[in-house]
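Survey of secondary and tertiary structure
Chain by chain, the residues:
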Amino acid sequence: MADTTAHAAPVEHTSTGLPSTKLAMWLFLASECLLFGALITTYVLYRGASTTGPYPSEIFDIRYTSVSSFVLLASSLTMVLSLTAAEKRDFARMRLWLVATALLGMTFVGGQVYEFTSFYHEGLSLTTNLFGTTFYVLTGFHGVHVTVGILMLLSLVGMSWAGRLPDDQAFPVEMVGLYWHFVDIVWIVIFTVVYLIPQAKPAG
Amino acid sequence: MATAASVPAPRGIIRRPTATTGWLSWFTTIDHKKIGLLYGFSAFAFFIIGGLEALLIRAQLAKPDNTLLNADQYNQIFTMHGLTMIFLFVMPMSAAFFNYMIPLMIGARDVAFPRLNAFSYWVFLLGGLFLYSSWFLGGAPNGGWFGYPPNSTTDPTIGMTFYALGLIITGLASSAGAINLAVTVVNMRAPGMTLFRMPVFVWMGLVVQFLLVFALPIITVALFEMLFDRRWGTHFFDPTAGGRPLLWQNLFWLFAHPEVYILILPAFGIISEILPVFSRKPLFGYQFVVFSGIAIGFIGFGVWAHHMFAVGLGPVANTAFGITTAIIAVPTGIKIFNWMGTMYGGDIHFDTPMLMAVGAVAMFVIGGLSGVTHAVVPSDYQQTDTYYVVAHFHYVLFGGAVFGLFGGVFYWWPKIFARQLDERWGKVQFWIMLIGFNLTFGPMHILGLGGMIRREYTYPASLGLTFWNQVSTVGAYLIALSTLVFVVNAVKTQRTAKGLANEDPWDARTLEWTTSCPPPVYNFEEIPVVHSIDEFWHRKYAEDKEGRLIRVPAGASDHAAADGHGGAIHLPTPSFWPLIAAVGLPTIAYGVLYSWWLVGAGALVTVIGFMGWAMEPPVAE
Amino acid sequence: MRQLDEFHEEAGARGMSDPSEVGHARHIHPSAKEYVRIGVILVILTALEVWVSYSSLPHGLLIGILFFLAFVKFGLVVLWFMHLRFDDARYSRFFIMGFAGACILFLVVLLLFKAFAG
Ligand code: HEM
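Residues numbered from 1 in each chain as written. Chains lettered and ligands numbered in written order. Predicted model: local features only at pLDDT ≥ 70, side-chain atom pairs only at ≥ 80, totals over all residues. Heavy atoms only, no water.

**Section: the confidence of the model for chain B**
Averaged over all residues, the pLDDT of chain B is 88; the fraction at 70 or higher stands at 88%. Segment residues 556-567 of chain B is flagged for pLDDT under 50; beyond a separation of four residues in sequence, or across chains, it makes 19 contacts in the model. (pLDDT = per-residue confidence, 0-100. Contact = heavy atoms within 4.5 Å.)

**A few points about the interface of chain A and chain C**
Listed per partner, the contact involves 52 residues of chain A and 50 residues of chain C. Together chain A and chain C conceal approximately 4500 Å² of surface at their shared face, both sides included; 78% is due to carbon and sulfur atoms. For the interface between chain A and chain C, the tally reads 1 salt bridge. In this structure, C:Asp87 engages A:Lys22 in a salt bridge whose closest nitrogen and oxygen atoms are separated by 2.5 Å. At the boundary of chain A with chain C, the tally comes to 3 residue pairs in polar contact (both at pLDDT 80 or more). (Buried area = accessible area lost by both parts, 1.4 Å probe. Salt bridge = Lys/Arg side-chain N within 4 Å of Asp/Glu carboxyl O. Polar contact = N/O pair within 3.5 Å; in protein donor to acceptor, adjacent residues only side chain to side chain.)

**A word on the packing of helix 4 (residues 62-87) of chain A against helix 7 (residues 170-196) of chain A**
Residue and element names in this part refer to chain A. With their axes 10 Å apart at the nearest point, helix 4 and helix 7 run at an angle of 160° to one another. What the angle tells us is that helix 4 and helix 7 run roughly antiparallel. For the crossing formed where helix 4 meets helix 7, the hand is left-handed. (Axes fitted to C-alpha atoms, helices over the stretch in contact; angles between N-to-C directions. Helix = DSSP H or I, 4+ residues; strand = E, 2+ residues; numbered from the N terminus. Parallel < 35°, antiparallel > 145°, perpendicular 65-115°, else oblique. Left-handed = near helix turned anticlockwise from the far one by under 90°.)

**Description of the domain arrangement of chain B**
Residues and elements named next belong to chain B. Here the domain parsing of chain B yields domain 1 (33-562) and domain 2 (580-621). A separation of 30 Å is found between the C-alpha centroids of domain 1 and domain 2. At the junction of the two partners, domain 1 supplies 18 residues and domain 2 supplies 16 residues. Summed over both sides, the interface of domain 1 with domain 2 buries roughly 1500 Å², with 77% coming from carbon and sulfur. (Domains from an automatic or database assignment.)

**Overview of the site of the ligand**
All names here are of chain B. Around the ligand sit 25 residues, and of these Tyr74, His81, Trp145, His394 and Arg455 come closest. Interatomic distance of 2.5 Å between a side-chain N/O atom of Tyr74 and an oxygen atom of the ligand. Residue Trp145 places a main-chain N or O atom 2.7 Å away from an oxygen atom belonging to the ligand. When residues of the shell around the ligand are traced back to their parent elements, those giving at least two are helix 2 (32-60), helix 3 (71-106), helix 14 (387-417) and helix 15 (423-449). (Near = heavy atom within 4 Å.)

**Overview of the environment of B:Leu500**
The residue B:Leu500 is located in the loop between helix 16 (466-495) and helix 17 (535-540) in this model. B:Leu500 sits 32 residues away from B:Trp468 along the chain, and the two C-alpha atoms are 46 Å apart.

**Side note on the pattern of salt bridges**
Here the structure, examined in full by the defined rule, presents 13 salt bridges over all chains. For the salt bridge of A:Asp90 with A:Arg93, the shortest nitrogen-to-oxygen distance reads 3.7 Å. A relative accessible area of 48% means that A:Arg93 is categorised as partly exposed. Note that B:Arg539 and B:Glu535 form a salt bridge whose closest N and O atoms lie 2.9 Å from each other. With B:Arg539 and B:Glu535 both in helix 17 and 4 residues apart, this pair spans about one turn of that helix. Pair check on accessibility: B:Arg539 and B:Glu535 agree, each one buried. Ionic contacts of the salt-bridge type, sharing partners, join the residues A:Lys22, A:Glu174 and C:Asp87 into one network. (Buried < 20%, exposed > 50% of the residue type's maximum accessible area, 1.4 Å probe, protein only.)

Quick look at the structure:
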């Protein structure tokens, strides 16, 4: 054992043989599951509980949101492609895919901002009714997560470009990727629960 | 770090700090031991403040129709008392011990993520200060520590907004700390330190971190919803728009019941370390203690609704939760039997740590018994919101957790400071505290059954409650006296010369005592190799043919014989970035209250902090 | 008890094993082609979801199908893009704890409220 300290091995030496950062990332994502779990629970609990309009069916444009969903899915694909490139040590291509991922992410967030403003003009604000309250807070939380992800992607690109990443660049890419995909699966659930499942206007 | 002498010019914007001594080093330290100390000092300071608030409460209640405090002030004080004691004292005090001791006990050089560790501490401290700044900015939270809406969401003063923001911030600190410590235990153990050779304290630490990881996000969501309701007029808990205040109660207790075990399990861990050492016997039924700890963790999530019997969930739900509440008594009972088994037939030494530990067990049992009566649903209808409940949870939290934590303070003081707290003063403190504690909270059972309502700022003389209230107030001041005794003891001890005649004063059993007192920055010159539970004990003692213990001559089986590796150990370098990233968070919170510009500035500071952090290599070469 | 101890003994022993093993898990990640294939499936499933939501199936069935499709998409991303299928089981264990916790939270809270209302 004595010599493990002598040559600082690039591979962490851990009890499980697994890198600590990755364990921590998964634990963090597990925690995030409960965060979004509680938010989605709130949304579902208040489905159809609004006492005034506008109601979801009057506001949602499923086609528009589907496009957003495709964009976010595509960004997950570009993310893994960047990981593949990193594993092949093709770092230029890795950065290219990372930039693509970030751009797709920005498109998604931009789309969300546009969606929010147009809903607002149609009369749905944060305080209009329970639907507005729960809708904006849930999707807003998700949007903030996407934004944080974009920041991480861009810093990754910058650091890789400036040569500030460790030699094994695939590892940080994989970590940011895990976060990014998580944000994507949250959207998969939100898209279904919030947008696709039709919600009747309450009688009266 | 001697090796960092010839650093090449750093590339960062800010020069990388390298000093590990001096006042500035406390702001940049990422050494788990220093961070542990910071947690400890801050938590103790908050304990004093929360205690002073308790004294004010008791002073107000010392006589009927008292006017020392008005209803408004009283509400703020008992709310801040509860919040302080739970979020700013017991939790960080446990974090202090976990931080300091877990790496030492599992044979590691630091936690898994030293800078994240510093970040957690600063976020906690700044979150606590943020919460306290409310006193000067329009009034402290006043809705009780569980802040039930709609009162909490419609209250016109600013206090409950501080509550939501402050708890979000400290919750973030705990989450980051919990992930860090959980990964440390899972991944940083010395060779041979299998999970089932870990000290029970480490086990309890692991369970607590998992509870935190899964419980905190739930309360975070609830707090955000409250924040939005209060600050931006949303309708989450607004019944007039169809919102349901009961949602808050569900989410809150879904968090707060595990929280109760988050508060008590660290103390259980400490007790499980102290009892074997001072009974000269291995812990009786190690596996049972561990498994019951895990079971408590799991079941803890299932009992939240018992807090809401009185709100009418319907008979089926009530029965189900009544049963789970009673079930949780089982693993707790197992632990208590194991502790008694440990002491039984042992060669017991009643030093102060042992007194504290035994006191904690005894007080916890009393609290547990009054708790079981809660599981009986009909009786709960009468006790909810009376002083009976106040008595119950103080027996559990003060009796169990605070006595246990003090036990840890006395037990590990020599390890941490290389000085021993005075035993006589320690015993004086213990007895005053025990008597004061029982005088304070024992009578509250009677008061509760006599109909005294909690959270009422005063009571009429006609109720006939005056006598027991006065007893209770006298008890509270005795507790304060005992704390004063502790402070005097600590200060006097620290004035004496550093150094212990015996670096293993208690004849202890676990790895943290194999290093010097205080441990060097790198903890272990050479990472120990572990062969059994109570590794250190087995290095010191062997059994002869008749099964008697004989002392192994020092050094004979000591794997840690120094051979000068200390100089070659690469330790993470101190860093400013965790502090900078942490400063951004309360800035954002003030921004939420006052100005979007401040939100932007805070977010910018945090982002810059994290960027700098990411760009900086963990070890400056 | 002993068995458990031995089990963990083994787990601990693994920690002491050859560190060069650690890097290996990485190299069994899927190829770019496989990723693209999964991506295409995800797109098709999403299109299917949207189409289903416009159809006039009975309400209950429709919700069932939508949840099923979402679950499949969720699984594909987690298992392939996040590599849980290829990685050490301990990562999955962490994630499953969180995911199961979220599902239980969802079910229990909603059930409680139904019980309350009814
Ligand atoms: C120093 C000794 C202490 C005294 C004399 C004391 C006294 C009190 C009293 C009289 C109340 C009831 C206020 C009311 O309902 O009107 C109270 C509430 C409370 N105490 Fe303590 N306490 C002490 C220590 C602690 C400790 C160590 C903890 C936790 C670890 C704690 C946690 C709480 C909590 C959570 C509440 C409930 C606050 C609320 O109703 O929102 N207390 N305390």
